[in-house]
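So you can see what is in the structure, the chains are spelled out below.
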Amino acid sequence: MGPDGEMQHFSDDSANITPAETTVKVTMAELLSLFSEARSLVIRGDEIVRGILAPHRDPDDPEVQRVLTDWGGTHFLHHTSYGTQVTLVRRHLPPKPERWWLHVLLAALTLFTTTVAGAYILGRAPLVLRWVDLGPLWLPFPVGLHPPSLPAGLLFSLPLMIILLGHELGHYLMARRRGMNVSPPYFVPAPNWINFIGTFGAFIRLRSVVINRSVLLDVGAGGPLVSFFLSIPVSLVGLVWSYPFSTLPPDPAAPYVVAFAGQRIWLGDSLLFHLLRAIAAPGDNALFLHPLAFAGWLGLFLTAMNLVPLAQLDGGHILYALFGRGQRVLGMVFLGALVVLGTWWWGWWFWVLVILLIGRGRIRHPSVFDPVPPVSPGRQLVGWTCIAIFILTFIPLPLQV
């Protein structure tokens, strides 16, 4: 493998084919004949060949293109002062069968818990609860169900589930397009007395190595872009169905209210949601949100939470793709800001703890396999668009009870 030289031009071409989907037609000897020097290794189940094209080989030569296509995976071309560097990736072993039953079960449980949440938000009582004495704590334990109360909760659960699914499919489909081995979405249900909306969200697992910053940006930006654009129409329709509320909010920064089992919960404002309210439900009074509007509010809020530029959140992926090691400095600054904001809403401290657990105590984003190739201007525009979305959807004071 040749050293990384001065970058003059970067392009990539993905065949979008994995060995499980086609018969590999090229032999390793035939492949290595293209290079003046090359190295092969296996990382996380991916076979990676990286080398410098022989001086007499041109990337556009039909024979070179045939061998790269018949490799049966993805390939990336990077022009340096040492020659054209080629990185090829494919699965080393066939992927293990997915446990689809688990993904379906978690999705069904999350649909149920979020539907229960929606019913409570609409003033219904879908669960029969018994309070259990656990020493210093009294915890509710469901002992029965009132089915007629559940259908109304779908006004909240279905749009929220669509937004969550859209977010994860944005990641999933982009990863698949890049030839990566990735899990289907895992939904995370939550008991309503622990998290009143009935879910902790959803996630996917990337099982393949991330080759370069362009791939990282594609996969990282796919989710937030989808959930952002899905949340806007949901919010607009829900705001039209919301109504003014005469009671003043405890803080001007929290002008929206929902009720859960009779308990009022005041919600903060973002630049975008404030604009949507001005379009769909103009007025100076506090606004009692329809469950559909609350689902849209949550969609935008969760988009912003994922775009926090730390560790391995979507925002960390995007910031690292744009700025490389500079992500660590910007991440430290934002971490300090979240700690300060936690004095007004303790949830930010909890979110910092979650981020540290995800990143195994690290704020910086881990390096990709080849961090040197630059990100194309088009992808940089996508990254900056995600930063703008974060600014528009971030809520400094999300909840007050």
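Check the entry above for the structure.
Residues numbered from 1 in each chain as written. Predicted model: local features only at pLDDT ≥ 70, side-chain atom pairs only at ≥ 80, totals over all residues. Heavy atoms only, no water.

**Some details on the packing of helix 5 (residues 213-240) against helix 6 (residues 271-280)**
Contact geometry for helix 5 and helix 6: axes closest at 9 Å, N-to-C directions at 40°. Taken as axis vectors, helix 5 and helix 6 run oblique relative to one another. In the crossing of helix 5 with helix 6, the sense of the turn from one axis to the other is right-handed. Of the residues in helix 6, those touching helix 5 at Phe228, Ile232, Ser235, Leu236, Leu239 and Val240 are Leu272, Phe273, Leu276, Arg277, Ile279 and Ala280. Looking at the contact of helix 5 with helix 6 residue by residue, the classes come out as 10 nonpolar, 1 polar and 1 charged. (Axes fitted to C-alpha atoms, helices over the stretch in contact; angles between N-to-C directions. Helix = DSSP H or I, 4+ residues; strand = E, 2+ residues; numbered from the N terminus. Parallel < 35°, antiparallel > 145°, perpendicular 65-115°, else oblique. Left-handed = near helix turned anticlockwise from the far one by under 90°. Contact = heavy atoms within 4.5 Å. Nonpolar A, V, L, I, M, F, W, Y, C, P; charged D, E, K, R; others polar.)

**What to know about the pairing of strand 12 (residues 263-267)**
Sheet analysis places strand 11 (residues 256-260) next to strand 12, joined by 5 bridges and oriented antiparallel. Pairing of Val258 across the sheet is with Ile265, part of strand 12. Hairpin remark: strand 11 followed by strand 12, antiparallel, with 2 residues in the connecting loop; positive phi at Ala261, about 55°. As defined by bridge partners, strand 12 adjoins strand 14 (residues 399-400) across 2 bridges and the pair is classed as antiparallel. (Pairing = 2+ DSSP bridges.)

**Details of the nonpolar core**
Counting 71 residues, the largest nonpolar core has Phe156, Leu289, Phe294, Val308, Leu338 and Trp348 as the members making the most contacts within it. Broken down by element, the residue count for this core peaks at 10 residues, all from helix 7 (residues 291-306). Look past the residues within four positions of Leu338 in its chain and what remains in contact with it is Val308, Leu310, Trp348, Trp349, Val352 and Phe394. (Core = buried A, V, L, I, M, F, W, Y, C linked by side-chain atoms within 4.5 Å. Buried < 20%, exposed > 50% of the residue type's maximum accessible area, 1.4 Å probe, protein only.)

**Focus on helix 9 (residues 326-341)**
Between its terminal C-alpha atoms helix 9 stretches 23 Å, which fits the 22 Å expected from 16 residues at 1.5 Å a residue. Every buried residue of helix 9 is accounted for by Gln327, Gly331, Phe334, Leu335, Leu338 and Leu341. The buried residues of helix 9 occupy an angular sector of 120° when projected down its axis, which confines them to one face. Set apart from the buried face of helix 9 by more than 90 degrees, the exposed residues are Val329 and Val333. (Expected span 1.5 Å × (residues − 1). Arc of directions from axis to C-beta.)

**Some details on the packing of aromatic side chains**
The geometry of an aromatic ring pair is captured by two quantities: the separation of the ring centres and the angle between the planes. Under the counting rule described, the total for this entry stands at 19 aromatic pairs. When the ring of Tyr186 is compared with that of Phe203, the centres are 5.1 Å apart and the planes differ by 15°; the resulting orientation is stacked. Taken together, the positions of Tyr186 in strand 8 (residues 186-189) and Phe203 in strand 9 (residues 199-203) put the pair 17 residues apart, joining distant regions of the chain. Exposure remark for Tyr186: the relative accessible area of 10% places this residue in the buried category. Consider the rings of Phe301 and Trp345, whose centres lie 6.4 Å apart with planes at 70°: the pair is edge-to-face. (Phe/Tyr/Trp six-rings, centres within 6.5 Å; stacked < 30°, edge-to-face > 60°.)

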